[in-house]
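Chains, contacts and geometry: an overview
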Amino acid sequence: MKKQYRVKKSRDIEEILKNKKSFSTSCFTIYIKEQNETNHFRYAMSVGKKIGNAVVRNKIKRQIRAIIRTYKINQSIDFFIIARPKVLNLSFEEMKKEIEYLLNKQKLLLKGEN
């Protein structure tokens with residue numbers, strides 16, 4: 001995923017969290033914020049130390065990036081995904097279903113995309 005699609009500054013992440021528009025499952029939480037500054041969506045993710053060592057956390061981040069790359073997401077959105085410890089029990093396909101459910105619930109996917 002290109003760097004332009006990532007929210008890197010903590011100030012921007014705090015703004016997304018302040019918006020308080022969120023939805024959760026047992027494995028993920030997603031926070032969203034409308035934005036008009038760029039012509040594409042941006043995202044950030046957090047995988048805490050409770051989930052495992054650096055190798056495990058990086059694997060989960062790679063999987064989340066791969067899942068996000070497969071969807072067409074609304075272009076005027078910034079979102080922040082937080083992985084919870086139960087994510088360790090999921091396979092890649094189950095993770096994909098969970099994230100798709102969250103994106104659909106927040107109406108982030110473009111029409112015709114499943």
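On a predicted model such as this, the values are computed, not experimentally measured, just so you know.

A word on the environment of Thr29
Here Thr29 lies in strand β2 (residues 28-34). Sequence spacing of Thr29 and Ile16 is 13 residues, and the spatial spacing of their C-alpha atoms is 13 Å. Discounting chain neighbours no more than four positions away, the residues touching Thr29 are Phe23, Ser24, Phe80, Ile81, Ile82 and Arg84. Only 3.2 Å separates the side chain of Thr29 from the side chain of Ser24, close enough to count as a polar contact.

Notes on the layout of surface pockets
Of the volumes computed, that of the largest pocket is approximately 180 Å³. As for the largest pocket, its lining consists of Arg6, Val7, Lys8, Ile13, Tyr43, Ala44, Met45, Ser46, Val47, Lys61 and Arg65. Elements represented by at least two residues in the lining of the largest pocket include exactly β3 (42-47) and α2 (54-69). Sorting elements by how many residues they give to the lining of the largest pocket places β3 first, with 5 residues. Here the lining of the largest pocket is composed, by residue class, of 6 nonpolar, 1 polar and 4 charged.

Comments concerning helix α1 (residues 10-19)
Along α1, the residues classified as buried are Asp12, Ile13 and Ile16. Axial view of α1: buried residues confined to an arc of 100°, hence all on one face. Across α1 from its buried face, at more than 90 degrees, point the exposed residues Ser10, Arg11 and Lys18. In the core, the buried residues of α1 are packed alongside β2, β3 and β4 (77-83). A positive phi of about 60° marks Lys20, the residue just after α1.

Structural notes on the nonpolar core
Among the nonpolar cores identified, the biggest contains 26 residues, and Phe28, Ile64, Ile73 and Phe79 are the most heavily contacted of them. At the level of elements, β2, β3, α2, β4 and α3 (92-105) are the ones that each hand at least two residues to this core. Beyond its immediate stretch of four places on either side in the chain, Ile64 contacts Phe28, Met45, Ile81, Met95 and Ile99. With 5 residues, the next largest nonpolar core counts Val7, Ile16, Ala44 and Phe80 among its residues.

What counts and what doesn't
- Residues numbered from 1 in each chain as written.
- Predicted model: local features only at pLDDT ≥ 70, side-chain atom pairs only at ≥ 80, totals over all residues.
- Heavy atoms only, no water.
- Helix = DSSP H or I, 4+ residues; strand = E, 2+ residues; numbered from the N terminus.
- Contact = heavy atoms within 4.5 Å.
- Polar contact = N/O pair within 3.5 Å; in protein donor to acceptor, adjacent residues only side chain to side chain.
- 1 Å grid on protein atoms, 1.4 Å probe; cavity = no way out; pocket = protein on both sides within 12 Å on 5 of 7 lines; lining within 4 Å.
- Points joined across faces, edges and corners; volume = space filled by probe spheres on them.
- Nonpolar A, V, L, I, M, F, W, Y, C, P; charged D, E, K, R; others polar.
- Buried < 20%, exposed > 50% of the residue type's maximum accessible area, 1.4 Å probe, protein only.
- Arc of directions from axis to C-beta.
- Core = buried A, V, L, I, M, F, W, Y, C linked by side-chain atoms within 4.5 Å.

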